[in-house]
Structure formats: structure tokens, C-alpha cells
There are 2 protein chains.
Amino acid sequence: MDGSKAPVSEHVETSKAAVLEVVGSRGSRAAGRGLAVVDLILRFLAVIATAGSAIAMGTTNQTLPFFTQFLRFKAQYSDLPTLTFFVVVNSIVAAYLVLSIPLSIVHIIRSRAKSSRLVLVFFDAAMLALVTSAASAATAIVYLAHKGNARANWFAICQQFDSFCERISGSLIGSFAAMALLVMLIVLSAVALARR
Amino acid sequence: MDGSKAPVSEHVETSKAAVLEVVGSRGSRAAGRGLAVVDLILRFLAVIATAGSAIAMGTTNQTLPFFTQFLRFKAQYSDLPTLTFFVVVNSIVAAYLVLSIPLSIVHIIRSRAKSSRLVLVFFDAAMLALVTSAASAATAIVYLAHKGNARANWFAICQQFDSFCERISGSLIGSFAAMALLVMLIVLSAVALARR
């Protein structure tokens, strides 16, 4: 229902209204394009955050400078299943975000697209749930590694594996940043859908 | 831009189009109302799921039938900080969902509301992140309680506290159901915004 499609009438008010509407529609189209550009930038940042998290966690290991006959004291992410889950999920989310970038570029050109935005909202929400679950499960385990739990008789392992613990704690940051970025992406898509 | 506001013209096609549009707008209003009703039902289910999770986890404790001079072997949710976090977050999300129900009822009556839907999308996404983080952090700890971790020297505590472990495992279900419901609520709101 574009105002420019209204039948030509002799009422001056009507034509004025039509002109105003065309101008308004151009302004709103520019704003919609602005939203799509912000969407693209946020997606790039989220790719960097999740890929960085996955790489930082995946390349962490520490070997202690002493060993017994039976054991070498070596820690790496795959010793704890939760940290493996963290690496896998961050890789999946980074891959999804890379695949969503072309769609985001399409939205800059066609700022009135509807169904493709709905698809993005759904997958963004699912990826938000996925990356949040990985980040917080890993956080629970990292917390345990730092503090231990006296009631359950689980000892803090960070006294021995100090640099390992520092590195896995640091790699959580990217995931938490990606969470915030995905919430913003969902809200941006909803705003773009509401503007139409 | 309602078709009924078009200036009266003698072109039969135009008036036909206007009639079709009014009918179409009534149909879409009914569909919008249907979406709002589904939204309300999903919110009720999510309240039950999160409140149920919080109550099931919060009321869990187990005392073993033997004790030493120094220790009574007793397990409850507050022994593990992650499970306390789980109870708190599920209570917060349940409270938010109860508070969002009046707004959802308003959307049944005013199915074209825009800004209030955007507010709901934002808070739903934030609550999705919150409940997911609680559910998966608790899952990581419950997994550890069941399986332990040989590399970190953390022992499975479920051999002793079997009914405690069963109960805390069960209480996770509500949270995961709430996650799925919140993703559906976000998509529903996006569809409602796209229909306008």
C-alpha cells in the first residue's frame, strides 16, 4: 500500500499527504538500511567473539614440570567434557553466523524483507540458547576448578594448573560477548519487522 | 494506511479492492488475535515449568542413615552454588512471566500493538539467556555428580546420594521446557510484528 499508488485526485490535501508519505517512506527506508548495516556489523563482531572463544579454549593445555612413573600431569580442554561441549558449540555458532552474513547483506539492499528476517529471528534465538548453555556450563566447571566444593569433596585444581585455569577463564569472555550480541541482533530484527 | 480511507472514486476496481482489503484486514486481525492467545497459553505453561523447576530443586534434600562424630551426611541444593543459582533464576523467570501475562492479555484485545511487543521480545530474549544459563550450569554440575571426572579427581557423589541426584536431575526438565517455550514466544512475537 504505497501512497504513490493512490489514484490521481484533484484534492490538494490528498496530493500533499501523498507527497509527505513518499518522503516519509524514503526516510524510513534509509533508517531500515541503517538497521541492516548495524545488524551486519554485530554479526561480524559475534563471529570474532565465538571463533575466538573456541580457538582460545581449544588450544589450551598445560603440562606440569614434574611427573610420576604412572602419570604425567597434563591438563587440556578435552579432559573435561563440558569444555569440549564449549568448543563444539562456539564453532557451530561461529559457522552459523558466517552463513547468516550473506542474508544480512541482502537485508541492506532489500530493507523490507519479511520472511527471511523471521527465519533469522528463529535461528538467532536458537543460537542464543546454544551459546548461553555452553558458556554457563563451562563457567560452572571453571568456577569449580577455581573454588572446588568442600561438601562434595571436589578439590580446586587451579592451584596446580594455574595458567590452564587463567586461559579457560579468559576464553569464556568471547562467549558472553556473543550472548549480548545475539540478544541485540534479535531485538534489531524485531525493530526492523515492526518498522515495515 | 487502511484501504477504507481512500477517497471515494467511481472506478469499480478500486472499490472492489477496498472491500477485499477490509475483509482481508478483518481476517488478519482474527489471526493476530489467535497468535496472542497462543502467546498467553505458552506463557502459562512456561510459568508452570519454571516455578516447578525452582520448587523441585529448592525442596530437595537427603540425609544418609549413618553419621560420624563430626559429620552428618546430608545433601541439599544449597551445598552447590550452581544449584542455588538455578533456584534463584527459575524463580526470577517465573516472576517475570507472571508479570508479562497482563501485557499478553492486552495483546489479545489490541492485536496491532507494536512497542509493547518489542519490549516483550527484548525481555523474553534476556530471560531465555538467563534460564538457559541456569539450566545448563546446573546440568554440568549434575552430570559431574553422576559421572565424576577422573582427570580432575572429582568423584561421583550420586552413589551415596541417589535420591538427591534423581530429584535434581528431574528438576532440570522444567527449565529445558521453559527454554523451548521462550524460543517459541520470541518467534510468535516476531510473526505478530511481521503481520502488522
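Residues numbered from 1 in each chain as written. Chains lettered and ligands numbered in written order. Predicted model: local features only at pLDDT ≥ 70, side-chain atom pairs only at ≥ 80, totals over all residues. Heavy atoms only, no water.

K.L.:
Could you clarify how one ought to interpret the side chain of Ser171 of chain B in this entry?
P.N.:
Residue and element names in this part refer to chain B. One can find Ser171 in helix α4 (residues 162–195). Classification of Ser171 by relative accessible area gives buried; the value is 4%. Here Ile168 takes part through its backbone oxygen, which lies 2.9 Å from a polar atom of the side chain of Ser171. Those residues within four positions of Ser171 in sequence are excluded, and the remaining contacts are Ser53, Ala56, Met57 and Phe86. (Helix = DSSP H or I, 4+ residues; strand = E, 2+ residues; numbered from the N terminus. Buried < 20%, exposed > 50% of the residue type's maximum accessible area, 1.4 Å probe, protein only. Polar contact = N/O pair within 3.5 Å; in protein donor to acceptor, adjacent residues only side chain to side chain. Contact = heavy atoms within 4.5 Å.)

K.L.:
Explain the environment of Gly174 of chain B here, please?
P.N.:
Residues and elements named next belong to chain B. By the element assignment, Gly174 lies in helix α4. For the pair Gly174 and Ala135, spaced 39 residues apart in the sequence, the C-alpha separation amounts to 9.1 Å. Discounting residues that sit within four places of it in the chain, Gly174 has contacts with Ala49 and Ser53.

K.L.:
Would you explain the packing of helix α2 (residues 81–109) of chain B against α4 of chain B in this entry?
P.N.:
Angle between the axes and distance between the axes: these two values describe a pair of packed helices. Residue and element names in this part refer to chain B. For the pair α2 and α4, interaxial distance at closest approach is 12 Å and the crossing angle is 35°. As for how α2 packs across α4, the hand of that crossing is left-handed. Here Leu83, Phe86, Asn90 and Leu97 of α2 lie close against α4, whose contacting residues are Phe164, Ile168, Ser171, Leu172, Ser175 and Leu182. Here the contact of α2 with α4 is composed, by residue class, of seven nonpolar, three polar and no charged. (Axes fitted to C-alpha atoms, helices over the stretch in contact; angles between N-to-C directions. Left-handed = near helix turned anticlockwise from the far one by under 90°. Nonpolar A, V, L, I, M, F, W, Y, C, P; charged D, E, K, R; others polar.)

K.L.:
Would you take a moment to explain the state of the cysteines for this structure?
P.N.:
All names here are of chain A. Per the counting criterion, the structure on display carries two disulfides over all chains. The disulfide partner of Cys158 is Cys165, and the gap between their sulfur atoms is 1.8 Å. Here the disulfide of Cys158 and Cys165 is left-handed, its torsion about the S-S bond being about -85°. The class for Cys158 is buried, based on a relative accessible area of 10%. Cys165 gets classed as buried once you look at its relative accessible area, which sits at 1%. (Disulfide = S-S within 2.5 Å.)

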